[in-house]
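The primary structure of each chain is shown beneath.
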Amino acid sequence: MVKKYKCLYNHEMLINFTSQTPYQSYENEVEKEQIKGYVTELAGTQIDALMCCPTAWRLPIYYSKVNPVWQTWAPEHQDPNPVADWKYFDKVFHRIKSYMLRGDYEDPVQITLDTARERGIDFFISYRMNDFHYTYFNTNRISPTMDPMWQEHPEMRLCFGNGHYAINYLYEEVRNWYLDIIEELVNNYDLDGFELDFMRSPHYFPTEKVAKGMGLMTDFVKRVRDLLNRTGKQRGKQLKLSVRIPRSVTTCLAVGLDVPTWKRDALIDMINVSSHFCISQEIAVEEFKKLPGSAEVYGEMHFITYQSNGELYGNINRRTTREIYETTAAAFLERGADGISLFNFAYVRDHHFSEARRRLSMDMEPPFAVLEHIVDLEYLKARPKHYV
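Given the structure is predicted, the values throughout are model-derived calculations rather than measurements.

A. Layout of the nonpolar core. Within the largest apolar cluster, 115 residues are counted, with the highest numbers of intra-cluster contacts made by F198 and F288. Apart from the residues within four sequence positions on either side, F198 is in contact with M129, Y204, M217, V221, V243, R244, I245, L257 and W262. Membership of the second largest hydrophobic core comes to seven residues, among which are L8, F124, M270 and Y298.

B. Highlighting the pairing of strand β11 (residues 296-302). Counting buried positions along β11 gives seven out of seven residues, so the element sits mostly inside the fold. Neither face of β11 is open: one carries E296, Y298, E300 and H302, the other V297, G299 and M301, and all of them are buried. Each parallel crossover has a hand, and for strand β10 (residues 270-273) linked through helix α10 (residues 285-290) to β11 it is right-handed. Bridge count between β11 and strand β14 (residues 339-343): five bridges; the pairing is parallel. Its bridge partner lying in β14, E300 is registered against S341.

C. Structural context of the state of the cysteines. Applying the stated criterion across every chain yields a total of zero disulfides. In this structure C52 is a free cysteine whose sulfur lies 7.1 Å from that of C53, the closest cysteine sulfur available.

D. Local environment of helix α2 (residues 32-40). Every buried residue belonging to α2 is among Q34, I35, G37, Y38 and V39, and all of these are buried. Residues of α2 that are buried in the fold lie against β1 (7-12), α1 (15-18), β2 (49-53), α3 (88-100) and α4 (108-118).

E. Fine view of the pairing of strand β5 (residues 122-128). Of all seven residues in β5, seven are buried, a share of seventy percent or more. Neither face of β5 is left uncovered, since the one carrying D122, F124, S126 and R128 and the one carrying F123, I125 and Y127 both have all their residues buried. In terms of strand pairing, β2 meets β5 through four bridges, oriented parallel. Each bridged residue has a counterpart across the sheet, and for L50 the counterpart in β5 is F123. With five bridges connecting them, β5 and strand β8 (residues 193-197) associate as parallel partners.

Rules used in this analysis
- Residues numbered from 1 in each chain as written.
- Predicted model: local features only at pLDDT ≥ 70, side-chain atom pairs only at ≥ 80, totals over all residues.
- Heavy atoms only, no water.
- Core = buried A, V, L, I, M, F, W, Y, C linked by side-chain atoms within 4.5 Å.
- Buried < 20%, exposed > 50% of the residue type's maximum accessible area, 1.4 Å probe, protein only.
- Contact = heavy atoms within 4.5 Å.
- Helix = DSSP H or I, 4+ residues; strand = E, 2+ residues; numbered from the N terminus.
- Right-handed = clockwise from strand over helix to strand, strands pointing away.
- Pairing = 2+ DSSP bridges.
- Disulfide = S-S within 2.5 Å.

Here it is in structure tokens:
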């Protein structure tokens, strides 16, 4: 019997190193209990699939042969001097490096996988297909979290108008780079499925060449599908392929993601529809459900309702409350979604790293109680409503 999931939970491994929790403070080095804690705290909830992002932006938080940062230059890396001049990404890289190069190192991804299995939660890798965090181009100061593909090939960078430079998928080298990463992760971990996170960030081709790129991206997805089929057959189980994509079919097509073809041709098993960063009911659940094909459709919810601007903005102003989570989940399910997903649910915790713009905006524990009935439609119908 093919398993159907009801509640997906995106877990970015970066948060193990940037946040203070009941398991870990900034005063101590990151330990195994912090990594396990981010999974064990999901006990008693309705989450049945953990979508694990194994990177810190573009930096692998595992030992990779495709991007062998920890085996090559990282041991010799010198942090900037003085410490007072460290950027946020310097602090993050230093803390991760301290863990990855320790003598008692244990693979954070494997710890997370093992802990999820102990809790009866299935395990997916969710890989960001074009993460643009800290990719703004500065020839004098490039974040150490950047990968060789980005650093060594400026001609393959893709600027999309906000100062950030992603990677242009028109280049075969770029597509092969990501395929090698995906194959390595699939081979190294006993997954239940893989998610292609096309929302980080949804820019893959120059605007004037999206039509040309669309077929290339469909071929890319097909190659991932074939990899999962082969590996699943060897392991005696189905490995599902999920895609995290923009809010409507039109928006997907506009950036070169031919989701209708992917669903019709059974290249994908799950469609995780996202409003990007702020929670919203304005995603096209019905539209994706009506497309030919059997892939399941999920409505994604986020940890904030509003993103501010300004000199000291901290990414978050208005956090999603229990009432808003429950109202939105009920709406998605009533409109035909096969389940819901959660993104950045735990990012309400303190991860300020002594930066003023973050210090004031993160000081609470995630509302885990909301996850106890988050896919029980009859329960949700009877709950107080708050529409945003």
